[in-house]
Amino acid sequence: MFSLPWLELSRFKRHTITRLAMIVIAVIPAIYGGLYLASNWNPTDHLDQLQAAVVNEDTGAKKPNSDGESLHAGDELVDEITPKGEGGFGWADVSQEEADEGLAEGKYFAVLEIPSDFSERLVSTGGDDPERAGLQLRTDDAHNFIVGQVAGTVLNEIKSGLNQTTTAEYVNEVYLGFNDIHSQTEKAADGSAELHDGTVDLHDGTGELVDGATELDKGVGTLRSGLIDLDKGAGELKKGSGDLADGADTLAKSTTEAKNGSKKLADGAGQVADGTSELRDTADESTKKAEDVKRKADDVVDGARPKLEQAEGDFDDARTTVRGDMDDRIKQLQEDYPDDPNVKKLAEDADSLGDDLDKAHQRASDAKDEAKSLEDKLTDAVDGVMEKIRTADKKIGQLDDGAQKVATGADDLHSGLIKLDAGAGKLAAGAGDLHDGAVQLKDGTAKAKNGADDLKDGSSRLVDGATELDKGAGKLVDGSGELADGLEKGLEQIPTYDKNDRDHRSDVVAVPVDADKVKDNAVDAYGEGLAAFFVSLALWIGGMITYMVLNAIPYRALASSASSTRIAWAGYVPGLLFGIAQVAVLYLVLTFALDFSAGAWLWTLLFSILVAASFHAVHQLCVAALGGVGRLIALVLLMIQIASAGGTYPVQTAPGIFQIISPFLPMTHAVNGLRTLIAGGDMFIAAQAAVVLLLMTLICLAATVVVCSRKRMVTLTQLHPSLSL
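Residues numbered from 1 in each chain as written. Predicted model: local features only at pLDDT ≥ 70, side-chain atom pairs only at ≥ 80, totals over all residues. Heavy atoms only, no water.

**Q** Mind showing me how you'd approach the packing of helix H12 (residues 601-626) against helix H15 (residues 666-679) here?
**A** Working note: a packed helix pair is described by the angle between its axes plus the distance between those axes. Where H12 meets H15, the closest approach of the two axes is 10 Å, and the angle between their N-to-C directions is 170°. Regarding the angle of H12 to H15, the classification is roughly antiparallel. On H15, the residues that touch Trp603, Thr604, Phe607, Ser608, Val611, Ser614, Phe615 and Val618 of H12 are Pro666, Met667, His669, Ala670, Gly673, Leu674, Leu677 and Ile678. Of the residues contributing to the contact of H12 with H15, the split by class is 11 nonpolar, five polar and no charged. (Axes fitted to C-alpha atoms, helices over the stretch in contact; angles between N-to-C directions. Helix = DSSP H or I, 4+ residues; strand = E, 2+ residues; numbered from the N terminus. Parallel < 35°, antiparallel > 145°, perpendicular 65-115°, else oblique. Contact = heavy atoms within 4.5 Å. Nonpolar A, V, L, I, M, F, W, Y, C, P; charged D, E, K, R; others polar.)

Structure follows, in structure tokens:
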């Protein structure tokens, strides 16, 4: 099975050049792949070799709402990027002229221009008219287009960093604002609580106001009724005061007349008093005289009574004497001188005397009795007179006292009437004033009544207003309570931030989306990521080189009895061996020269051998079937596969025709399989690619067998090819 392939290879041992050719065949893919990957292994890590200029014309600006703190963002940006080589460039702080000359000469691949208002526009984000701060990065595509693209990325990174810093500062101010809002809201919550307490007091007050207004309304009603009565009373007072004024005038006139009359009365009373005084003196004197008369009468009576009794006694003695002794003697004489006329006459005379004496005695007794009677009468009369005199004297005294009092009273009356007259005058004047006042009072009460009506309307409206106010105060209590509760809840929802928390949150908010790249099955370098493509490309080229040196099939064997399968196998095995050698050399170079590593080394090597086997089968078929034209076709296939294999950019980014043919080309599956094995991805993809490549290999080998069968027949075209390469 291997005799014919070995025979094909043995012809390379005849000469040194042929042996060197075998080495070259094995090394060419390594040279191609190694050099190409080496030049593209990690170009971005060497961008610091490129010089860029930064022109800083920023003049700085004062930060708003700060104590004179200023911002020099241009200087900070220069300090930031110059030492670090931001974006891989070696930055130089130069003037505008130097930068322009350097860019034109190719000394600087990029020029970053910081305008004079850069800081001013940055701080404007905290003011009322924010403006974007602009940066300008100039490149020259005449020197290098890729550097211009990379410079754009650098500018984006710088801009992102500035935006992050500016946003962080702005957000920091916002968080400070939250603290202020929290503080102010806390004050507002305290104030709203106090407001709520005040509204509660207000509601209580409005309740009391309603009660007071109701009482006031009732009082105003009472006042109105009272004013109506007062108005009526004022009307009556007006009339009465008019009458009083008239009466007072009349009284004043009367008191004047009375005053004048009292003067006369006082004078008359004085005269009467003088008269009664004299009468009293006279009465006293008369009484004294009457007393004297009475004493004298008493003396007379007292003096007459013994004399009458003496006279009675005397007459009684005389009568007794006459009637006794004398009568006896006369009777004796008569008896002695019965005829004597003298005796008789004496007897008669004596008898007559006796009679007279009896009569005298009787008269004396009667006189005594009459005297006695008279004495009693006289005494009674005297006593009665004296009593009357005394009574008269007493009455005269009383009359005098009364006259004196009358005189004094008349004087007092006169004085009083003088005062009364003056008072009456004043009373008349006062009554006039009272009447005028009553008139004014009547007008005032009328106005007061009208005012009371208005006041009643006002008090009623006050009650309605107070009621509405009370309802409003109730709503205000509810509203202020809700406001206080809302502010309290809102206060709980308004966060506060200390400096560390504020700085942390500012950083987070400034870059809210963390754009860190997380790669599954990450490769260590850019070249390692492109290794699948370049290894496939190198092995494809290796196959082309192989069958430039080797015969696709041992043509002499076509004339033998060897089967076509054996002939095709004999042409394929040497190429496969060279492919294996190419794989080995290539990975040795990549490993030791470029520090290449693979996720699955063994499967990577086996899959690479499969790739080489597949590619060599394709090249064998092309060369065996078409000869030199087949090599051209292989070259064309190389170009088509470079465009459609998705080695650098996904095939989906390529035009549609490349996306259509991509699955039918071996390099596509070689790249997919190697990329998975090198990076360490899903092994199913590698297995699927391996199956496809194996099928393509078998198909190509089968086709080569067919070609070998057809090669056994010599055609006119073979004898006279139109084109020989």
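And the narrative resumes.
**Q** Would you mind showing me how to read the UniProt feature "transmembrane region" (unreviewed entry) in the chain here?
**A** When the UniProt feature table is mapped onto this chain, "transmembrane region" (unreviewed entry) is found at residues 20-38, 530-550, 571-594, 600-618, 623-643 and 683-708. With 95% helix and 0% strand, the stretch residues 530-550 has end C-alpha atoms that lie 29 Å from each other. Between the C-alpha atoms that bound residues 600-618 there is a distance of 26 Å. The span itself is 95% helix and 0% strand. (UniProt positions renumbered as here; feature names shortened; annotations may be inferred.)

**Q** I'm lost on a nonpolar patch on the surface in this one. Help?
**A** On the surface, Val691, Leu694, Leu695, Leu698 and Ile699 cluster together into a nonpolar patch covering about 470 Å² of accessible area. Structurally, Leu694 can be placed in helix H16 (residues 683-711). Looking at Leu694, the relative accessible area reads 44%, which means it is partly exposed. (Patch = residues over 30% accessible without salt bridge, like charges linked within 9 Å, V, L, I, M, F, W, Y side chains within 5 Å. Areas by Shrake-Rupley, 256 points an atom, 1.4 Å probe, with all protein chains shown as cover. Salt bridge = Lys/Arg side-chain N within 4 Å of Asp/Glu carboxyl O. Buried < 20%, exposed > 50% of the residue type's maximum accessible area, 1.4 Å probe, protein only.)

**Q** Help me out: how do you make sense of the packing of helix H11 (residues 564-594) against H12 in this one?
**A** For the pair H11 and H12, the least separation of the axes is 8 Å and the interaxial angle reads 140°. Looking at the two axes, H11 sits oblique to H12. The handedness of the crossing between H11 and H12 comes out as right-handed. Residues Ala568, Gly571, Tyr572, Gly575, Leu576, Phe578, Gly579, Ile580, Gln582, Val583, Tyr587 and Thr591 of H11 lie in contact with H12, whose contacting residues are Trp601, Thr604, Leu605, Ser608, Ile609, Ala612, Ala613, Ser614, His616, Ala617 and Gln620. (Left-handed = near helix turned anticlockwise from the far one by under 90°.)

**Q** Would you take a moment to explain the environment of Phe109 for this structure?
**A** Structurally, Phe109 is set in the loop between helix H4 (96-105) and strand S5 (110-114). With a relative accessible area of 24%, Phe109 lands in the partly exposed category. With 58 residues separating them in the primary sequence, Phe109 and Gln51 have C-alpha atoms 6.1 Å apart.

**Q** I'm lost on the nonpolar core in this one. Help?
**A** A general trend in soluble globular proteins is that nonpolar side chains are found buried together. Grouped together as the largest cluster of nonpolar side chains are 63 residues, with contacts concentrated most on Leu539, Phe607 and Met667. Listing elements by their share of this core, those giving two or more residues are helix H2 (16-40), helix H9 (526-549), helix H10 (555-558), H11, H12, helix H13 (628-644), H15 and H16. Residues Leu50, Val54, Phe89 and Ala151 belong to the second largest nonpolar core, which totals 22 residues. (Core = buried A, V, L, I, M, F, W, Y, C linked by side-chain atoms within 4.5 Å.)

**Q** I would appreciate a short explanation of the packing of aromatic side chains in the present structure.
**A** Here a ring pair, both rings aromatic, is described through the centre-centre distance and the interplanar angle of the planes. The tally for this structure, following the rule as stated, stands at six aromatic pairs. For the ring pair Phe533 and Phe534, a centre distance of 5.2 Å and an interplane angle of 70° mean the geometry is edge-to-face. Grouping residues by exposure puts Phe533 and Phe534 together as buried. Pairing Tyr587 with Phe596 gives two aromatic rings, centres 5.8 Å apart and planes at 45°, and the pair type is tilted. Owing to a relative accessible area of 3%, Tyr587 belongs among the buried residues under this scheme. Here a set of aromatic residues connected by ring pairs shows up, and it is made of Tyr587, Phe596 and Trp601. (Phe/Tyr/Trp six-rings, centres within 6.5 Å; stacked < 30°, edge-to-face > 60°.)

**Q** How should the pairing of strand S1 (residues 51-56) be read in this particular structure?
**A** Within a regular strand, the side chains alternate between the two sheet faces. Bridge count for S1 against strand S4 (residues 90-93) is four bridges, and the pairing is parallel. Counted as the bridge partner of Gln51 is Gly90 from S4. (Pairing = 2+ DSSP bridges.)

**Q** Got a minute to help me understand the side chain of Glu113 in this structure?
**A** Position of Glu113 relative to the elements: it lies in strand S5. Among the polar contacts listed, one links the side chain of Glu113 to the side chain of Gln96, at a separation of 2.8 Å. Among the polar contacts made by the side chain of Glu113, one reaches the side chain of Arg138 at a distance of 2.7 Å. The residues touching Glu113, leaving out its near neighbours within four places in the chain, are Val55, Gln96, Asp100, Leu135, Gln136 and Arg138. (Polar contact = N/O pair within 3.5 Å; in protein donor to acceptor, adjacent residues only side chain to side chain.)

**Q** Got a minute to help me understand the side chain of Thr704 in this structure?
**A** In this fold, Thr704 is placed in helix H16. Judged by its relative accessible area of 0%, Thr704 is buried. Within the structure, Thr704 has its side chain in polar contact with the backbone oxygen of Cys700 (distance 2.7 Å). Among all residues touching Thr704, those that are not within four sequence positions of it are Ile553, Ala568, Ala617, Gln620, Leu621 and Ala624.

**Q** Even after reading the chapter, I still don't get unusual backbone geometry, so can you show me in this structure?
**A** Phi is mostly negative for residues that are not glycine, and the peptide bonds are mostly trans. In this model, Asp595 sits at a positive phi of 60°, which is unusual for a non-glycine residue. Mapped onto the elements of the fold, Asp595 is located in the loop between H11 and H12. Under the relative-accessibility criterion, Asp595 is labelled exposed at 63%.

**Q** Could you clarify how one ought to interpret the sheet that holds S4 in this entry?
**A** The strands making up a sheet are joined through hydrogen bonds of the backbone, oriented either antiparallel or parallel. Read from one edge to the other, the open sheet built from four strands follows the order S4-S1-S5-S6, with strand pairing classed as mixed. Both outer strands of the open sheet, S4 and strand S6 (136-139), are each paired with one neighbouring strand and no more. If you compare each strand with its neighbour and ignore which way they point, the axes differ by 25° on average. With five bridges connecting them, S1 and S5 associate as parallel partners. Bridge assignment links Ala53 to a residue of S5, and that residue is Val111. Sitting on the sheet, H4 touches S1, S5 and S6, and the angle it makes with S5 is about 155°.

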